[in-house]
Number of protein chains: 2
Amino acid sequence: MGHRLADASAPARLAGPGEGIGPDELALAARNHGLPLETLRHDLTPPGLHYVLTHYDIPYVPDGTAWRLAVDGRVRRPLSLAPADLAAFPRVTTRVTLECAGNGRALLEPRPVSQPWLVEAVGTAEWTGVPLRVLLAEASVRAEGVEVVFTGADHGVERGVEQDYQRALPMEVAAREDPEVLVAYAMNGAPMPPQHGYPLRLIVPGWYGMAHVKWLRGITVVDEPFTGFQQTAAYRLRRRPEDPGEPVTRIAPRALLVPPGFPDFMSRSRVLRPGPVTLEGRAWSGCAPVTRVDVSTDAGATWREADLEPGDGHRWAWRRWRHPWTAVPGEHVLSARATDADGRTQPLRQPWNRGGFANNLVQRVPVLCLDE
Amino acid sequence: MGHRLADASAPARLAGPGEGIGPDELALAARNHGLPLETLRHDLTPPGLHYVLTHYDIPYVPDGTAWRLAVDGRVRRPLSLAPADLAAFPRVTTRVTLECAGNGRALLEPRPVSQPWLVEAVGTAEWTGVPLRVLLAEASVRAEGVEVVFTGADHGVERGVEQDYQRALPMEVAAREDPEVLVAYAMNGAPMPPQHGYPLRLIVPGWYGMAHVKWLRGITVVDEPFTGFQQTAAYRLRRRPEDPGEPVTRIAPRALLVPPGFPDFMSRSRVLRPGPVTLEGRAWSGCAPVTRVDVSTDAGATWREADLEPGDGHRWAWRRWRHPWTAVPGEHVLSARATDADGRTQPLRQPWNRGGFANNLVQRVPVLCLDE
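For clarity, every value in this text was computed on a predicted model and none was experimentally measured.

## Comments concerning the overall build of chain A
Piece 1. Check the secondary structure of chain A and you find four helices and 22 strands.
Piece 2. Expected size for 372 residues packed as a compact globule is a radius of gyration near 21 Å; at 21 Å, chain A falls within 12% of this value.
Piece 3. On the principal axes, the C-alpha backbone points of chain A span a range of 70 × 60 × 40 Å.
Piece 4. Across the 372 residues that make up chain A, the buried fraction comes to 60%.
Piece 5. As displayed, chain A offers around 14200 Å² of accessible surface, 52% of which is attributable to carbon and sulfur atoms.
Piece 6. Averaging the locations of the 41 positively and 43 negatively charged side chains of chain A gives two centres separated by 1 Å.

## Some points on unusual backbone geometry
Piece 1. Cis geometry is adopted by the peptide bond preceding Pro179 of chain A, which originates at Asp178 of chain A and carries an omega value of 0 degrees.
Piece 2. Of note, Pro179 of chain A is situated in the loop between helix H3 (171-174) and strand S7 (182-187).
Piece 3. Despite not being glycine, Asn188 of chain A shows a phi value in the positive range, around 55 degrees.
Piece 4. The partly exposed category is assigned to Asn188 of chain A, whose relative accessible area is 31%.
Piece 5. Phi at Ala358 of chain B is positive, roughly 55 degrees, even though this residue is not glycine.

## Looking at the pairing of strand S20 (residues 319-327) of chain B
All names here are of chain B.
Piece 1. Strand direction decides the pairing type here: strand S16 (residues 275-284) and S20, joined by nine bridges, are antiparallel. Each bridged residue has a counterpart across the sheet, and for Gly281 the counterpart in S20 is Trp321.
Piece 2. Direction of pairing for strand S19 (residues 307-308) relative to S20: antiparallel, over a ladder of two bridges. From the neighbouring strand, Asp307 faces S20, where its bridge partner is Arg322.

## Brief notes about the state of the cysteines
Residue and element names in this part refer to chain B.
Piece 1. Inspection of every chain in the model, using the stated rule, returns zero disulfides over all chains.
Piece 2. We note that Cys287 lacks a disulfide partner, and the nearest cysteine sulfur, in Cys100, lies 16 Å from it.
Piece 3. Its relative accessible area of 24% is what places Cys287 among the partly exposed residues.

## Here's the deal with the interface of chain B and chain A
Piece 1. Contact with chain B, which involves 71 residues of that partner, is made by 71 residues of chain A.
Piece 2. Between chain B and chain A, the buried area comes to about 6100 Å², and carbon and sulfur atoms account for 63% of it.
Piece 3. The partner of Arg270 of chain A in a salt bridge is Asp57 of chain B, with the nearest N and O atoms 2.8 Å apart.
Piece 4. Applying the counting rule to chain B against chain A returns 25 residue pairs in polar contact (both at pLDDT 80 or more).
Piece 5. Counting only elements with at least two residues in the side of chain B that touches chain A, the list comes to helix H1 (23-31), strand S5 (147-158), strand S14 (262-263), strand S15 (270-272), strand S21 (330-340) and strand S22 (365-369) of chain B.
Piece 6. In terms of residue class, the side of chain B that touches chain A is built from 33 nonpolar, 20 polar and 18 charged.

## Some words on the side chain of Glu180 of chain A
All names here are of chain A.
Piece 1. Within the secondary structure layout, Glu180 lies in the loop between H3 and S7.
Piece 2. You can call Glu180 buried: its relative accessible area is 14%.
Piece 3. Within the structure, the side chain of Glu180 is placed 2.6 Å from the side chain of Arg133, a separation counted as a polar contact.
Piece 4. Ignoring sequence-local partners within four residues, the contact set of Glu180 consists of Val92, Pro131, Arg133, Ile203 and Pro205.

## So, the nonpolar core
Piece 1. Core analysis: the biggest nonpolar cluster contains 125 residues, and Val183 and Ile219 of chain A together with Val183 and Ile219 of chain B have the highest contact counts within it.
Piece 2. Broken down by element, this core gets its largest block of residues, five residues, from helix H2 (residues 132-139) of chain B.

## Brief notes about the sheet that holds S20 of chain B
Piece 1. Taken in spatial order, the four strands line up as S13-S16-S20-S19 (chain B) in an open sheet, and their pairing is antiparallel. A strand with exactly one partner marks an edge of an open sheet, and here the two such strands are strand S13 (254-257) and S19 of chain B.

## A closer look at the packing of aromatic side chains
Piece 1. Applying the stated criterion across every chain yields a total of six aromatic pairs over all chains.
Piece 2. Judged by centre distance (5.0 Å) and plane angle (35 degrees), the rings of Tyr235 of chain A and Phe357 of chain A are tilted. Of the two residues, Tyr235 of chain A sits in the loop between helix H4 (229-232) and strand S11 (236-237) while Phe357 of chain A sits in the loop between strand S21 (330-340) and strand S22 (365-369), which places them 122 residues apart along the sequence.
Piece 3. Residue class for Tyr235 of chain A comes out buried when judged on its relative accessible area of 7%.
Piece 4. A ring pair is formed by Trp284 of chain B and Trp318 of chain B, whose centres lie 6.1 Å apart and whose planes are at 55 degrees; its orientation type is tilted. In this pair, Trp284 of chain B sits in strand S16 while Trp318 of chain B sits in the loop between S19 and S20, placing the two residues 34 residues apart along the sequence.
Piece 5. For Arg315 of chain A, the ring lying beneath its charged end belongs to Trp316 of chain A, and the centroid distance is 4.0 Å.
Piece 6. For the cation-ring pair, Arg201 of chain B lies above Trp127 of chain B, with the distance from its terminal atom to the ring centre recorded as 4.9 Å.

## Things to note about the sheet that holds strand S16 (residues 275-284) of chain A
Piece 1. Strand order in the open sheet formed by four strands is S13-S16-S20-S19 (chain A), with antiparallel pairing between adjacent strands. Taken across any chain shown, the strands that pair with only one partner, and hence form the sheet edges, are strand S13 (254-257) and strand S19 (307-308) of chain A.

## Here's the deal with helix H2 (residues 132-139) of chain A
Residues and elements named next belong to chain A.
Piece 1. Residues of H2 that are buried include every one of Leu132, Leu135, Leu136 and Ala139, and no others. Each buried residue of H2 lies within a common arc of 100 degrees when the element is viewed along its axis, so the set occupies one face.
Piece 2. Ser140 occupies a position one or two residues after H2 and carries a positive phi of about 60 degrees.

Cut-off values and rules
Residues numbered from 1 in each chain as written. Chains lettered and ligands numbered in written order. Predicted model: local features only at pLDDT ≥ 70, side-chain atom pairs only at ≥ 80, totals over all residues. Heavy atoms only, no water. Helix = DSSP H or I, 4+ residues; strand = E, 2+ residues; numbered from the N terminus. Rg over C-alpha atoms; globule rule 2.2 N^0.38 Å. Buried < 20%, exposed > 50% of the residue type's maximum accessible area, 1.4 Å probe, protein only. Areas by Shrake-Rupley, 256 points an atom, 1.4 Å probe, with all protein chains shown as cover. Lys, Arg positive; Asp, Glu negative; His and termini not counted. Charge placed at Lys NZ, Arg CZ, Asp CG, Glu CD. Pairing = 2+ DSSP bridges. Disulfide = S-S within 2.5 Å. Contact = heavy atoms within 4.5 Å. Buried area = accessible area lost by both parts, 1.4 Å probe. Salt bridge = Lys/Arg side-chain N within 4 Å of Asp/Glu carboxyl O. Polar contact = N/O pair within 3.5 Å; in protein donor to acceptor, adjacent residues only side chain to side chain. Nonpolar A, V, L, I, M, F, W, Y, C, P; charged D, E, K, R; others polar. Core = buried A, V, L, I, M, F, W, Y, C linked by side-chain atoms within 4.5 Å. Phe/Tyr/Trp six-rings, centres within 6.5 Å; stacked < 30°, edge-to-face > 60°. Lys NZ or Arg CZ within 6 Å of the ring centre and 35° of its normal. Arc of directions from axis to C-beta.

Quick look at the structure:
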């Protein structure tokens, strides 16, 4: 019997009714992690709390590794840069809220079998690097360049396809000035941790995480649309397996609550005592600025507008919101709902697709308020 | 109908045959995380990759918080210290491998329903702080002090019991010189991240993680054995619910492999090509130094001794081991087995208890070696 690459991969599938999380999903959940929701209180997510999703292994890049970033393809002057060479280019720092395209997947019915995120696959960091448009100008893109392909050093197999992780952006996104795509080398003013892409990663403000290629070693200008696995097989919005599907791109609006009170260790139920409590959380959108957050304390029956903090100049980062509430004994379901300047808002019923992508269903936080 | 604290908690239970991971276990897995096994290559676990397990919420301690650590109880001179006051005491840095007492739980049959760890709940860091024995001497412990109770700021409910997280150590462990228990304020030379206990935590070299109380605000000398929830209800080795059970204390020997080759994204199967490969990993024990690691490449049928790196003076940290192997096409199961100076080794059949604690069953890493 032959031993072939295809033997490592199983077909994509949906979980059956009531099917619990399986060993493959658990193995992903044990290594990847979300943002513990109480830490939404921090403007900038502290080290180690930002969500992490890696498709394959985290590359081992000890000090002294001879890392090169190639800028090539349809350019007049191909570049080969060491990470230290980037210091010679302009330095930009941008605060960005990053969210995994699969956030919310494990709450879908039926559940696509993959990384089983609840709602916490998000984080906000300040990324420092060189604007991609500067590197593209330095390499001098030829007129026929229509897309830019980014290649990471992470290597694996997915649905039988062996690959280095690769994603592309249209030229007008890659070379745009606002938002500016970065080739980042620092996170929150410190060297990038291994799991976030050390030594170099792409940052694409406003886009879901799959676009922010980590362990970046190649930037290739191409003259036709890229058809790699992560562009055309994965990260598409499909109802049926045979649909070509729309691509996953920008982050849909979402608000999350800091769950009030305290948790039960095992059930994760929230408990609080009667009296006034300030509900708070964050809201973001990769499409247009968040302009409104509404809060419900009765499982979505009624909504009241929350106090949204004024914009602080960080267009691509989440905004804080607050809402006063008086807890009374009983069981309650709390929710928050973000709306952006273009009128996009969060659905109250799940926006289902086979990959479980770009699902911004409103969060539900059940709480138990004790008797006096 | 009343709304009582007990309503938030369900009784402890075992999963049924074939029962998948449930929503409560998934909520724990989404916020807590293990060490991605490929990062066992790092001597010191990089920021954000060290395993994290928090029972309740991570306390929010922004700059300027008036944090106090009380040292009281059966002492002659009670202390109340700000974190900055600790700089006046001797400063010690110790490299420590920390492992969660529940590591390996999700692989048990039947599976205790709790944080569903596979094998990656481990990490190694350098902790800097003040020896606990110095603080106890400063406070002048009275002769009747038999145990020291440590109180964290993390608050929640567990099996119906509302609590701040608390654990105790016998006086002879708390005041010992080797290993020295630390009240730590720095991790790897940097301020402690929130999820690891900022601003202060206990470090008890050689003990499972439950002893290393985070967000430490109280050190209380008591004159009788502590009977708090985490000491007498949780963290006991029980076969049946009614057993009093032995307490969980020191870390049992364990070796882990860096899985060779590359992964399939979804199945997490490992794939490699034929030829020589150096198997490597780490081994540790909280009981006595690891003196031997054996490796099997045939699912435990035969074992060969691995090359164990010489001790480098870090007694309480893991040691690296390596073993040459030539992969041939086919399916293989790789394992490593640590043995310590007292002859303790890892079982080949699971050491089951109801809490899923201190389970050091040998790891099994299935790999697929492709045809040439």
